[in-house]
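# Coordinates in review
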Amino acid sequence: MAKDQPTKLAAFEGLGHTTAGAPMHIGGVYENGAVRGGIELPRMLSLLARHDANAPIQGLSAVPPADRPPVNVVRFAFQAMVAIGTLLALMGIAYLAVWWRRGRLPRSHWFYRLLVAAGPLSLIALLAGWTTTEVGRQPWVVYGVMRTSTGVTAARGIGIALVVLLGVYAALAAAIFWLLRRLARHSPQSDVREELRLRPA
Amino acid sequence: MSLADACLAGIALGMTAYVVLGGADFGGGFWDLTAGGAERGRALRDLVRHSMGPVWEANHVWLIFVLVLAWTAFPVAFGSAMSTLYVAGFLAVAGIVLRGAAFALRGQASSLPEARLFGAAFALSSVLVPFCLGAAAGGIASGRVPVGNAAGDPWASWLNPTSLLIGVLAVLLSAYLAAVFLAADAERAGLLELRRAFRARALATGCVAGAIAIGGLLVLRADARALFDGLTSGRGLICVVLSALAGLATLVLVWRDRFAAARYVGAVAVAAITAGWALAQYPQLLPGELTVAQAAAPDATLVALLVSAVLGALTIAPAQLALYRMAVTGRLAGPVETS
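Owing to the predicted nature of the structure, the values given are computational and were not obtained by experimental measurement.

Another aspect to go through is the overall build of chain B. A tally of regular secondary structure across chain B gives 13 helices and two strands. Principal axes of the C-alpha set define a box for chain B whose edges measure 55 × 40 × 35 Å. Taking all 339 residues of chain B together, 49% fall into the buried category. Contacts in chain B between residues far apart in sequence, at least 24 positions, make up 79% of those at least 6 positions apart. Entry remark: accessible area of chain B is about 14700 Å², with carbon and sulfur atoms responsible for 73%. Taken together, the 21 basic and 17 acidic charged side chains of chain B have centroids lying 9 Å from each other.

Before going further, it helps to examine the environment of Val328(B). Residues and elements named next belong to chain B. Mapped onto the elements, valine 328 comes out in helix α13 (residues 299-328). On the basis of relative accessibility, which here comes to 22%, the residue valine 328 falls in the partly exposed class. Note: C-alpha distance between valine 328 and alanine 260 (68 residues apart in sequence) is 8.8 Å. If we ignore the near neighbours within four places in the chain, the residues touching valine 328 are Arg188 and Arg263.

The next point concerns the side chain of Thr162(B). Residues and elements named next belong to chain B. Locating threonine 162 in the fold gives a position in helix α7 (residues 161-188). A relative accessible area of 0% means that threonine 162 is categorised as buried. Apart from residues lying up to four places away in sequence, threonine 162 is in contact with Gly138, Ser142, Arg144, Val219, Leu220, Asp223 and Ala224.

Further remarks concern the interface of chain A and chain B. The interface of chain A with chain B comprises 24 residues on the first partner and 23 residues on the second. Together, the buried faces of chain A and chain B total about 2100 Å²; carbon and sulfur atoms form 66% of this surface. Viewed at the interface, chain B and chain A are joined by zero salt bridges. In this assembly, chain A and chain B are joined by three residue pairs in polar contact (both at pLDDT 80 or more). Among the secondary structure elements, those contributing two or more residues to the side of chain A that touches chain B are α6 (158-185) and α7 (192-198) of chain A. With 12 residues, the top contributor of residues to the side of chain A that touches chain B is α6(A). Split by residue class, the side of chain A that touches chain B holds 17 nonpolar, two polar and five charged.

Residues and elements named next belong to chain B. The N-to-C vectors of α7 and helix α11 (residues 259-281) enclose an angle of 160 degrees; their axes lie 9 Å apart at closest approach. As far as their axial angle goes, α11 and α7 are roughly antiparallel. Seen along the crossing, α7 lies across α11 with a hand that is left-handed. Between α7, through Leu173, Leu177, Val180, Phe181, Ala183, Ala184, Asp185 and Glu187, and α11, the contact on the second element is made entirely by Phe259, Ala262, Arg263 and Val270.

Counting 73 residues, the largest nonpolar core has Trp31(B), Phe74(B), Trp158(B), Phe198(B), Leu227(B) and Val254(B) as its most contacted members. In contact with Leu227(B), other than residues within four places in its own chain, are Ala141(B), Leu220(B), Trp277(B) and Ala280(B). Counting residues in each nonpolar core, the second largest holds 16 residues, with Ala10(A), Ala11(A), Met24(A) and Leu45(A) among its members.

Turning to the packing of helix α2 (residues 42-52) of chain B against helix α8 (residues 192-223) of chain B, a few remarks are in order. All names here are of chain B. The geometry of α2 relative to α8 is characterised by a closest axis approach of 11 Å and an angle of 80 degrees between their N-to-C directions. When the axes of α2 and α8 are compared, the pair comes out roughly perpendicular. Where α2 approaches α8, its residues Ala43, Leu44, Leu47 and Val48 are matched on the opposing element by Leu194, Phe198 and Arg201. Considered class by class, the residues forming the contact of α2 with α8 number six nonpolar, no polar and one charged.

The next point concerns the packing of aromatic side chains. Tallying each qualifying case throughout the model produces 10 aromatic pairs over all chains. Taken together, a centroid distance of 6.2 Å and an interplanar angle of 80 degrees make the contact between Tyr18(B) and Phe26(B) edge-to-face. Classification of Phe26(B) as buried rests on a relative accessible area of 3%. Taking the centre distance of 5.7 Å and the plane angle of 65 degrees together, the rings of Trp71(B) and Phe78(B) count as edge-to-face. On the accessibility criterion, Trp71(B) (44% relative accessible area) is partly exposed. Site record: aromatic cluster; members linked through ring pairs are Tyr95(A), Phe111(A) and Tyr112(A). When the ring centre of Trp255(B) is taken as reference, the NZ or CZ atom of Arg199(B) above it lies at 5.2 Å.

Parameters at a glance
- Residues numbered from 1 in each chain as written.
- Chains lettered and ligands numbered in written order.
- Predicted model: local features only at pLDDT ≥ 70, side-chain atom pairs only at ≥ 80, totals over all residues.
- Heavy atoms only, no water.
- Helix = DSSP H or I, 4+ residues; strand = E, 2+ residues; numbered from the N terminus.
- Buried < 20%, exposed > 50% of the residue type's maximum accessible area, 1.4 Å probe, protein only.
- Contact = heavy atoms within 4.5 Å.
- Areas by Shrake-Rupley, 256 points an atom, 1.4 Å probe, with all protein chains shown as cover.
- Lys, Arg positive; Asp, Glu negative; His and termini not counted.
- Charge placed at Lys NZ, Arg CZ, Asp CG, Glu CD.
- Buried area = accessible area lost by both parts, 1.4 Å probe.
- Salt bridge = Lys/Arg side-chain N within 4 Å of Asp/Glu carboxyl O.
- Polar contact = N/O pair within 3.5 Å; in protein donor to acceptor, adjacent residues only side chain to side chain.
- Nonpolar A, V, L, I, M, F, W, Y, C, P; charged D, E, K, R; others polar.
- Axes fitted to C-alpha atoms, helices over the stretch in contact; angles between N-to-C directions.
- Parallel < 35°, antiparallel > 145°, perpendicular 65-115°, else oblique.
- Left-handed = near helix turned anticlockwise from the far one by under 90°.
- Core = buried A, V, L, I, M, F, W, Y, C linked by side-chain atoms within 4.5 Å.
- Phe/Tyr/Trp six-rings, centres within 6.5 Å; stacked < 30°, edge-to-face > 60°.
- Lys NZ or Arg CZ within 6 Å of the ring centre and 35° of its normal.

Without other data, these values stay purely geometric and don't point to any function.
Right, here's the structure in full:
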């Protein structure tokens, strides 16, 4: 990415200007060309992107403001994705460590609370990843070739279509929720269709 | 044959597969919709659900195949068609989503009103989708898609005589194919009453579809003269005659209870029509606007596309074939459950 989509990488890391030995930040907010309030890891970005702690990394200011994505949206999504991914990996390591050292399952309640959270978290990480790559490419729909604004359809009523589609998916979500709740209440052994058959129509 | 022609042939092949296999799938919904009240239509609906269960989403592979070929090989034509025909396209997509969800949820319904709600959503979208896709095809065939970003009329492009004709034909053809498939399934399951019911339905829809197809030529003559001329001369005419003969042959086979053979001959009738459409307007891709050669992507793209399409087909075809094989020989689902 440092080679092919340098502006996207700069948005991930909130790198305002082209820097030799560029740092990484955990957390923080991008303001006026720099990250404030994050934990700085010196030279880390250069090391990861170029395998050289002193390599220059292209910053956002290398392209005109109109060619830059909204940095904080991209950064926040990227950090959320990395944080969740790291957490999930650590949980796997913790589980394996307990299993290998003690030959049993972890006993900590926190491990299981995290395990319950891991399902939704993985979905959030997935969405954050999409946000990172799609918003990070803006304002281009084809990087460096075609603007999103020129790629969009000229058809009218797209707003209506969007609202209808949201309605359809909201109805589907409600139906799935209803279905899962029913399946959770009835034990899987009792076939719902059996009941339908016994009930007079 | 140029690279672009090869891509066009691939699109026609995928469309044929989608119309035959996906059509039978949608047609099941048509018979569900017209089966009558909950009590009266029960046995019929049970057979539809039983037969469709194993294959009902697999057929969208063909639609995806056609779309990918179309947008990669003919990007400008695809963009023009999609942005002009977006209302029909949107309705078709919404119908496909609703249909799949309703079919899955209906199996979990525990009361009659629930089953009715999901059943109605499933059956209505089964009719909506082939109509909208057929109407969109009619818009392209009758030259109502100009080149450009949403340059055509968003309504008249798919609500016009040719579109209505092809949309209605798509629904009837689906119903016909489904009735033939279901009659064969009923026969294998030993449900003789259902076999009779679907045999009658197949003969009726087959005759109606054939009559509308022949009468429809007059509609095309008035509304889409270039398409009509293409279909009534040269290679287009050969395809139309072949399709009519194959259509007649399927009716005879259904009449004689040869449902398995009727399936294959019915597929030939549909294939002849899609090929006939392509040949009738060849070398036009968007009639009056773009030829196949003008609309084609650069050769490097077409080569990459054809290579990956062949590799994809080699990967998927054995699995799809095995699935259909098991579905038509009844090895996938157990005995028909009655609800």
